[in-house]
Amino acid sequence: MKSGMIDFWFSIGSTYTYLTVSRLEEVSATEGIHFNWRPFSVRAIMREQNNVPFATKPVKMGYMWRDIERRAAMYGLRVNVPAPYPLKEFDLANRLALLGLAEGWGKSFILASYRRWFVEGQEPGLEPNLSASLAEVDRETVRTVERASGGDVVETYEAATAEARKLGIFGSPTFAVGGELFWGDDRLDDAMTWCKKGSLA
């Protein structure tokens, strides 16, 4: 991996990832670190591990929403929680992100999808979020969804998930610096320190 670069592994559908995507471009500019955005299916990996973090655990879910609310306030982000969870069209949202990143409109689409999810309560991958977020990046809904559902995008998505699995990634967001993994929005600073110094010391 090149110096000054971090692989940012994420899935739209991860709640804590809202905190990361909403500030990552500003962090990148401030710190001089390039982040390589890598969508994958954290859901597939979590199911393989029989890991259901919140959906069947109301006490833990309540803590999660309050934690996100606190951290969003710390970062100066708008948030209206609880938001719809888990997502019904998880894979479509992430395939669209993958397609968009390949074509240059992905980051703006991801930010728009997350903003509508966490501020307006609209699920990514479903209407009205779907069409509104695609329109924001000048993409027509039906045609873009068809392309995101094509075999080439599906194969790339599955390959990315296989790569994440091989790296030992099990959650979103995860920051990979060489062979080191840092899981969670609250580990972003550690990942950047490791990227710059090769240690946390």
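Quick caveat, the model's predicted, so the values are computed rather than measured.

Q: Before we go on, may I ask you to explain helix α7 (residues 129–136) in this structure?
A: The periodicity of an α-helix, 3.6 residues per turn, causes residues three or four places apart in sequence to face the same way. All buried positions along α7 are accounted for by Asn129, Leu130, Ser133 and Leu134. Considered in projection along α7, the buried side chains sweep an arc of 120 degrees and stay on one side of the axis. Contacts made by the buried residues of α7 are with α5 (90–103), α6 (106–120) and α8 (141–148). After α7 finishes, the residue Asp138 shows a positive phi value of roughly 60 degrees.

Q: What should I look at first to understand the packing of α5 against α6 in this one?
A: Helix-helix packing is described using two parameters, namely the angle between the two axes and the distance between the axes. Between α5 and α6, the least distance of the axes is 7 Å, while the angle of their chain directions is 150 degrees. As the angle between them shows, α5 and α6 are arranged roughly antiparallel. Mapping the contact onto sequence places Ala93, Leu96, Ala97, Gly100 and Leu101 in α5 and Gly106, Lys107, Phe109 and Ile110 in α6. In terms of residue class, the contact of α5 with α6 is built from six nonpolar, two polar and one charged.

Q: What is the right way to look at unusual backbone geometry in this model?
A: When glycine is set aside, most residues are seen to have a negative phi, and most peptide bonds are trans. Of the consecutive residues Tyr85 and Pro86, the connecting peptide bond is found in the cis state with omega at -5 degrees. By the secondary structure assignment, Pro86 is in the loop between α4 (58–75) and α5. Cis peptide bonds are those with omega within 30 degrees of zero, and the linkage from Glu127 to Pro128 qualifies with 10 degrees. Turning to its location among the elements, Pro128 is positioned in the loop between α6 and α7. One non-glycine residue, Asp138, adopts positive backbone phi at about 60 degrees. Relative to the helices and strands, Asp138 resides in the loop between α7 and α8. Asp138 sits in the exposed class, given a relative accessible area of 66%.

Q: Can you walk me through helix α10 (residues 188–197) in this structure?
A: Buried residues of α10: Leu188, Ala191, Met192 and Cys195, and no others. Projected down its long axis, α10 carries its buried residues within an arc of 95 degrees, all on one side. With respect to the buried face of α10, the exposed residues turned more than 90 degrees away are Asp189 and Lys197. Of the surrounding elements, those touching the buried residues of α10 are β1 (5–10), α2 (24–31), β2 (34–39), β3 (174–177) and β4 (180–183). Taken from the residues just after α10, Gly198 is the one with a positive phi, measuring 80 degrees.

Q: Can you help me understand the packing of aromatic side chains in this one?
A: What characterises a pair of aromatic rings is the spacing of the ring centres plus the angle enclosed by the ring planes. Across all of its chains, the model carries 15 aromatic pairs by this definition. On the numbers, 5.4 Å between centres and 35 degrees between planes, the contact of Tyr114 with Trp117 is tilted. Of the two residues, Tyr114 and Trp117 are both situated in helix α6; the distance of three residues between them amounts to about one turn of the helix. Take Trp117: its relative accessible area is 0%, and that puts it in the buried class. Between the aromatic rings of Trp117 and Phe118, the centroid separation amounts to 4.7 Å while the plane-to-plane angle is 65 degrees, which identifies the pairing as edge-to-face. Note on accessibility: Trp117 and Phe118 belong to one class, buried. A network of ring pairs unites the aromatic residues Tyr18, Trp65, Tyr85, Tyr114, Trp117 and Phe118 as a single cluster.

About the cut-offs
Chains are numbered independently. Their residues run from 1 in the order of the written sequence. Note on the predicted model: pLDDT of at least 70 is required for a residue's local features to be given, and 80 or more for side-chain atom pairs to be given and counted; whole-chain, interface and lining totals, by contrast, use all residues. As a rule here, side-chain values come from all non-hydrogen atoms in the structure, and water together with hydrogens is ignored. Relative accessibility under 20% of the residue-type maximum defines a buried residue, over 50% an exposed one, and the middle range a partly exposed one, all with a 1.4 Å probe and only protein chains included. What counts as a helix is a DSSP run of H or I of at least four residues, what counts as a strand is a run of E of at least two, and both are numbered from the N terminus. Of all possible arcs, the one meant is that of the directions from the helix axis to the C-beta atoms. For this analysis, residues touch if any pair of their heavy atoms sits within 4.5 Å. Axes, fitted as lines to C-alpha atoms, cover a helix only where it is in contact. Angles between the N-to-C directions of the axes lie from 0 to 180 degrees. Comment on the angle field: the value is read as roughly parallel under 35 degrees, roughly antiparallel over 145, roughly perpendicular from 65 to 115, and oblique elsewhere. Side-chain classes follow a simple rule in which Ala, Val, Leu, Ile, Met, Phe, Trp, Tyr, Cys and Pro form the nonpolar group, Asp, Glu, Lys and Arg form the charged group, and the remainder, Gly included, forms the polar group. Pairing of aromatic rings covers Phe, Tyr and the six-membered ring of Trp, with a centre-to-centre limit of 6.5 Å; geometry is then stacked below 30 degrees between planes, edge-to-face above 60, and tilted otherwise.

In short, geometric facts, not functional conclusions.
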